[in-house]
Every structure is written in structure tokens, then in C-alpha cells.
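# Chain and residue survey
Here is what each chain is made of, one letter per residue.
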Amino acid sequence: MNIRAVQNGFVGEVTGIDICKPLTSGEVAGIELGMDQYAVLTFPDQPLTDEQQVTFTANFGELEITLAGQMAKPEERRFQQLELGDISNYNGADTTRLRARDDKRRMYALANRLWHSDASFRAIGAGYTLLHARILPRKADTQFADMRAAYDALSPMEKAEVEDIVCEHSIVFSREQIGFGDYNAGHEEHLKPVPHRLVITHPKTGRKSLYLSSHIGGIVGWPVPEARAFIRDLTEHATQPQFVYSHVWRVGDMVMWDNRTVMHRATRFDDLKEVRDLRRTSIKGVGLEVKHAMAAE
Amino acid sequence: MSLSIRPLTLSGFAGEALGFDLTRPLTRDQVTAIDAGMDQYGVLIFHDQHFDDETQMAFSRNFGELEVSSGAEMSKAQDRRLKQMEMADISNLDVQGKLRAASDRMRLTALGNRLWHSDASFRAIPAKYSLLSARTVPGTGGNTEFADMRDAYDALDDATKTEIEDLVTEHSNAFSREQIGFLKVDYGEENQLKLKPVRHRLVRHDTSTGRKSLYLSAHIGAIVGWPVPEARMFIRDLTEHAVQRRFVYSHVWRQWDFIIWDNRTTMHRARRYNDLTDVRDMRRTTIRGDGVTVAQIQQAA
């Protein structure tokens, strides 16, 4: 297995490994080490099936259930397995049609074009996310921003200011930013804000990073407009071009990132005409529970 | 003395203007020279202009009719620090001249100025020039940034230019405030009608220079004919394009600086400062534009 630096200290390309097959513990350790050293790893030319993606993902911890799947009615879902995220523009199980312009699922998914950290709206956010490309449009890059480098680039005064800030995250807040609020009934508990520290320390590397996300809607103890203006400014700082990597997808690419140290976003494509079919799996973010408990007090 | 203008950016956007005392009556030629400078630079910065409210209004009237400040319009007389309705109070002071408290409603709505916007784009006839006088500046922070919407338009690819050419957007003060969680209902019942969205072209054609510009603003909440989330996401992406550093001039204020900008061809925003401890007292006058950019929805009878 070989990891080549694509973007210094942030993105690595992994070759010389077949992740469709069961991995040795040495290979798993090598990938985890790579994830700590970088924060995004790309694995080109991996023709994974859904089962193989789930098996590969399980090497790194407990799989998460996707919120979109959880909140959708069964007939709206393409995959009945809730650990498999449908990152496509198909009309649910009907893959002969694309979602219509005003389709609720399409509106919901548009917010993925805001910078976010996956599942930061959960009491324990996601650790790794793994995204596999099956069918691609002409161009629809995914962008990644390095929240460790963004933290390091703050001035000492800014670091002191953010150190003890606790933010409130909810899926409602990110969707509200683009004027979407049409959720199926019965999911109120999924929409309730959860607290997270703004500055988190990676459990393995000890590096600090900004735990930013479009799901943030408030800062504990701050007036809401002041909190939102502050988070906007900080997000702008954290997503400057020098912290960002744009992944140009090829079919068979598997990209894996650590949501504790990376924000990401999708970019626009002609989704009413072109198919984009990616499959997502993710791992619960272990190692942050203590910090979260402190934040909740 | 003639007007001498030095460009402040490599692209030639924003100019520092020397040679005029704007607090004294101007000749027609001097006004013409400033208008020509505005067409070329979009933003003109003057230093050491010791305005009071009367002289600022008198100078501003050289360029057209003054708008009534929307802040003044939407507040009660006893809450206004400045007597003249044409003077927009861009400060962190209350009617007694004291710093506003952290939870003050006026402070929270003013935070919306930290979003990129074009002044009064929420009016059917939107603003032409804004003129801002720095009476008291904070110790640090509080810069104003300006972005060139003509260069931002020019830098779009042809497909995007074609896509946006005829788009019509809807603007309201409520949309910009909603983005930071300041709710429409908090404007009070008496102001709800003033928050009714107005329509504008997204691409403006500047008749004096022949150039096109992106008429973007945080006040945009919709595109006519588009689903709202798609419109907002599109406007966010376009705004991100339009405020890249290469299109931006950032101004560090000194007391008595005076800046004129053209809202038809630029966006601007305020940056953060220690507003709970430092005074920032700026006064703005605003010139009403020539007309609507697109037909408005007729009011139901």
C-alpha cells in the first residue's frame, strides 16, 4: 500500500491495495494512520459493490444510520439498508427517472452544497465518511476544507476567543439557510439542536481543529444573530482557497474523510438532466464523547 | 483645484480622491468630475472631510434626491438619535449616545450589515450612491469591504452569463435578517408592509458606461420561477464568486474619511469590531436611483 500526497498534509491518494477484498489488520492500521496524517484519502479504481463498501467501512468502527433515510418514508427510499446513504438524484427506487425540480428530497439535498461536517447534528457526530462514485455527470466536484490548518491559522487572540465556545447544531439550521423546512411528521427528536464544542482535539493526533458546520444555528450564551454572523465569518476564514481541496471524481473512486477535522460540500451540476450516483457510508465519531458530555453540562 | 484619483487595487476598482473640500459648495464641473470618477472606479475614498449632518446632506444633493433612511423609517421618533430622516445612523449608539447593549434589537438587526449587500435593494427604486462619513472610528476592526460587481460579471463563463441574463430576483430586508436569525416578526407589526419583497433584474446594464454588473445582495430571498432552496443556493454560489478577494477592496477607516459607492455596481459589508466597548459612529446619506430595474407585481386592488 502506498500513499502519495495530493495536497500537502491534507489529502493522500492510496494505491496498491484492493479494498473490495477483506483487509488484513495491518492494512486497516495503515489506512487509519494515513487518515490521521492526512484527513482525506482517495482510493482510485475500486469497483465496490454495496456489500463490499459496508464491509470495508466496518473495519473502522460502528456504522451510522443516515438521517435522510431515517426521516424518509419507506417508499421514498432507494435502499432499505439504512446504513447506505443514497447520494443520487434518482427518484427513489425508480431509477428510470430523476427527481423533479420541486421534489422535496431534492430540496433537502441541495443543502449539501453548504460547507458541513456530516452528522454534526447528532450528539456524537460522524467520524469517517466514505463516498463511492458509481455514475458521474460531466462535472460535480466535492470540496474539502482542512479544519486543522484553519484553526492553526487563527491569531492567538482568535484562538482564545473560540476555545470554550459551544455551538448548537441541528439539521433544521442548515436547511433553514436555503428556505427548506418541509420535514415528514414524527421526527421532532431528530431536529432538536445538540451542543458541540467549536474547538475539538483529535483523540489520536492531539491536533486541534474547528468543528464548524452549516448545521450550526447558535452559540450557547450568545444572541442568535451575533452567533450566526460570527460563525459565517469563521466559516469564510476556514474555507479560504489555501485550506481547500477540490476532488474531481472518476467512476470507481472511493473517498474517505474525517469529519472531526474536515468540512466538505457538493457543487452544482445539471441534476435535472444528468445522473450522479454515489453511495455513502459513515462511522460514528469515537473519541469525542467526553468533550461532548462536558459541552452539554 | 482639480480632482486627482489614485486606484487602490490592481484591477483599478476603488480610487482615492484628492484635491476637493467636499464640505464647501461645489461647482458643476467638480460634481461632473466626481460622477465620472464614480463611473470609472465604483468607489471613491476622500480623506479629511469634516462634515456635519447639514453639510453632508447639502453635498449629497449634488447627485440626486436623498432617500429617507430605512432604519429611521422603521423606528419611532423618540428612538432616533439623528434628527434628519435622510441621515442613516450607522453607529452602535442609542438615542442618549450610549453604547447599545448586547441584546439590543437595533444592534442585532444592524449585524445584518456584515453580510454582503447593496444598499436599499429592497426598494422598488433602489439606491444609486451611498455616501458614508466616519465621525468616530473604533480602535480596531470595523473595516468596510467593497466588491466590484462589474468585474465579477465579466469573469463569469459564457454559459452562466446566458443562464442569468434574464433572471429576476426578489429582495426584502426580511431575507437578509432571516439569514442571521433575526425574524420578520421582530420588526414590529407597523413595519410588515415595508418588508414586502420587490423585484430586480439580476444583471444590470449601466447606461453611463455600457458595462453589465451583477445586482446581488443579502436581501435576495428568491428567484422568480425557481424553487426557493434552489434559488438561495444559486445566489450563495454566485455571491461567493462575486466576492473573491480579487474583486474586493477593504477599507481601514480613519476619522473624517468619506466614501461614496455606487450600489448599482458594487456590494459592500461591514466587518466585526468590539462594538460593546468601542464607539463607531458613521453617518450615511443615500441617493435614490433613477427607476425600477424591472416591472413590479401590481398590488391587488
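The written sequence of each chain sets the order in which its residues are numbered from 1. Chains carry letters from A onward and ligands carry numbers from 1 onward, assigned in written order. Only residues with pLDDT of 70 or above have their local features reported here, since the model is predicted, and side-chain atom pairs are shown and tallied only from 80 upward, although totals for entire chains, interfaces and linings are computed over all residues.

## So, the interface of chain A and chain B
C-beta atoms are first placed from the backbone for all residues, and any pair lying within 7 Å is then listed as a contact. Of the residues lining the interface, 18 residues belong to chain A; the matching set on chain B comes to 17 residues. For the side of chain A that touches chain B, the secondary structure elements donating two or more residues are helix 4 (104–110) and helix 9 (224–238) of chain A. Helical segments are the DSSP runs of H or I of at least four residues, strand segments are the runs of E of at least two, and each set is numbered from the N terminus. Sort the elements by how many residues they give to the side of chain A that touches chain B and helix 9 of chain A lands first, with six residues. In terms of residue class, the side of chain A that touches chain B is built from eight nonpolar, three polar and seven charged. Gly falls in the polar group here, along with every residue not listed as nonpolar (Ala, Val, Leu, Ile, Met, Phe, Trp, Tyr, Cys, Pro) or charged (Asp, Glu, Lys, Arg).

## As for the pairing of strand 7 (residues 168–171) of chain B
All names here are of chain B. Relative to strand 8 (residues 198–201), strand 7 runs antiparallel, the two sharing four bridges. Its bridge partner being in strand 8, V168 is matched across the sheet by R201. Any two strands with at least two DSSP bridges between them are considered paired. Both strand 7 and strand 11 (residues 220–223) contribute to a ladder of three bridges, which runs antiparallel. Bridge pairing in strand 11 links H171 to I220.

## What to know about the sheet that holds strand 8 (residues 142–146) of chain A
Residues and elements named next belong to chain A. In space, the three strands of this open sheet follow the order 14-8-16, with antiparallel pairing throughout. The open sheet has two free edges, formed respectively by strand 14 (244–247) and strand 16 (262–266), since each of these has just one partner strand. Taken pair by pair, the neighbouring strands of this sheet meet at an average axis angle of 20°, ignoring direction. Note: strand 8 against strand 14, four bridges, orientation antiparallel. Paired with Q143 across the two strands is S246, which belongs to strand 14. For helices, the fitted line uses only the C-alpha atoms of the stretch in contact; every axis is such a line through C-alpha atoms, and the angle between N-to-C directions lies from 0 to 180 degrees.

## Some details on the sheet that holds strand 12 (residues 248–251) of chain B
Residues and elements named next belong to chain B. Spatially, 12-6-14 is the arrangement adopted by the three strands of the open sheet, whose pairing is antiparallel. Unpaired on one side and paired on the other, strand 12 and strand 14 (266–270) mark the two borders of the sheet. Strand after strand, the sheet turns through a mean of 20° between neighbouring axes, direction not considered. Relative to strand 14, strand 6 (residues 144–148) is paired through five bridges, and the arrangement is antiparallel. Note that in strand 14 the partner of F146 across the bridge is H268.

## Some points on the environment of A:A140
All names here are of chain A. When you line up the elements, A140 lands in the loop between strand 7 (126–135) and strand 8. Spatially, the C-alpha atom of A140 lies 5.5 Å from that of T267, the residues being 127 residues apart in sequence. Every residue in contact with A140, bar those within four places of it in the chain, is listed here: W249, A266, T267, F269 and R276.

## So, helix 2 (residues 53–60) of chain B
Residues and elements named next belong to chain B. What helix 2 keeps buried is the set Q56, F59 and S60. Looking straight down helix 2, one finds that the buried residues subtend no more than 100° of arc, so they occupy a single side. For helix 2, the secondary structure elements touched by its buried residues are strand 5 (127–136) and strand 15 (281–288). Remark: C-beta atoms are placed from the backbone, and a residue is labelled buried if 20 or more other C-beta atoms sit within 10 Å of its own, exposed if 12 or fewer do, or partly exposed between those counts. Relevant arc is that of directions from the helix axis to the C-beta atoms, nothing else.

On their own, these measurements won't tell you what the molecule is for.
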